[in-house]
Every structure is written in C-alpha cells, then in structure tokens.
Amino acid sequence: MNIIIKRIVGFAIDLMVVGLLGVIIGFVLVDTGIIDSNLAAIILLLIFLLRDLYNKSGSLGKKVIGIKIIEIGEYYILRKVLRNFTSIIWPIEGIILIFIKKRLGDILAGTSVVHA
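J.: Whenever I open this one, helix α1 (residues 3-30) confuses me. Can you help?
T.: Residues spaced three or four apart along an α-helix face the same direction, because each turn holds 3.6 residues. Along its 28 residues, α1 runs 38 Å from first to last C-alpha, staying within 8% of the 40 Å computed at 1.5 Å per residue. Regarding α1, its N-cap is N2, as a side-chain oxygen of that residue lies 2.7 Å from the backbone nitrogen of I4 further along.

J.: How should I be thinking about the pattern of salt bridges in this particular structure?
T.: Opposite charge on two side chains allows them to pair when their charged atoms are near. On inspection of all chains with the given rule, the structure shows 8 salt bridges. A salt bridge links E93 to R103, with the nearest nitrogen and oxygen atoms 2.5 Å apart. Pair noted here: E93 is in helix α5 (residues 90-100) and R103 is in the loop between α5 and α6 (104-109), with a separation of 10 residues, a long-range link. For E93, a relative accessible area of 3% translates into the label buried. Among the charged side chains, a network of salt bridges with common partners joins R7, D52, K62, R83 and D106.

J.: Sorry, what's going on with the pairing of strand β1 (residues 67-71) here?
T.: Burial of the side chains of β1 is restricted to one face: I67, I69 and E71 are buried, whereas none of K68 and I70 on the reverse face is. Relative to strand β2 (residues 111-115), β1 runs antiparallel, the two being bridged by 5 bridges. Following the sheet pairing, E71 is matched in β2 by T111.

Calculation notes
Residues numbered from 1 in each chain as written. Predicted model: local features only at pLDDT ≥ 70, side-chain atom pairs only at ≥ 80, totals over all residues. Heavy atoms only, no water. Helix = DSSP H or I, 4+ residues; strand = E, 2+ residues; numbered from the N terminus. Expected span 1.5 Å × (residues − 1). Polar contact = N/O pair within 3.5 Å; in protein donor to acceptor, adjacent residues only side chain to side chain. Salt bridge = Lys/Arg side-chain N within 4 Å of Asp/Glu carboxyl O. Buried < 20%, exposed > 50% of the residue type's maximum accessible area, 1.4 Å probe, protein only. Pairing = 2+ DSSP bridges.

Rendered as structure tokens:
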C-alpha cells in the first residue's frame, strides 16, 4: 500500500480513537459533572497533539497500519507535538502531502514517516 494512503488511514484511526475518548469523556466526566466541557475540550486537544507519544515510532494508528516516524537528529518530544499541531489545518496538510510527499508538520519538525 502507498505510504500516503497508509498515512491517511493511520490518521483516520487516530481520529477514531480520539473521538471514542471524547465520547467516553463526554458521557462519563462531563455529564456527571466531574469536569466541565471546556476542560474536556482541552484534554481532547492534548490527547490529539500528544498522540504520537504512544511509542517512540508514532501513534496507535501508525502502528496498526505499519508505518513509523523517524526523526532527523535527536529524539525530542516537542517535535512530535509540533508535527501534530499542524494537523489542525489538515486540508492544507493534505494538499502539501499529495504534492511533496511530506506533511508540513514533518518539514517543520524534521521528521519523516516510513514503512515499519
């Protein structure tokens, strides 16, 4: 399978995981009054931004689909956050990925995604 298709599928899996966690947080923590919806939104944003910290080579979606992140230079947690922060503008990320085969987040963070 093409690496771009694998990346898209891996991202979709990650979004499903974050969405499922959002449903759980919403029903369990927000509806019972344990936390308010603003805090729940912040928690979900952090989960989204930190999703590549699942293991050193990337997110659960990447692991399931058989790809991994490699870093040019030393390993820094901040790189994983930076590369995911640009996912917020995913339509632009998708266009860049199609044309230059790398996401904006990969370019800024000095990372690449390869077959595992």
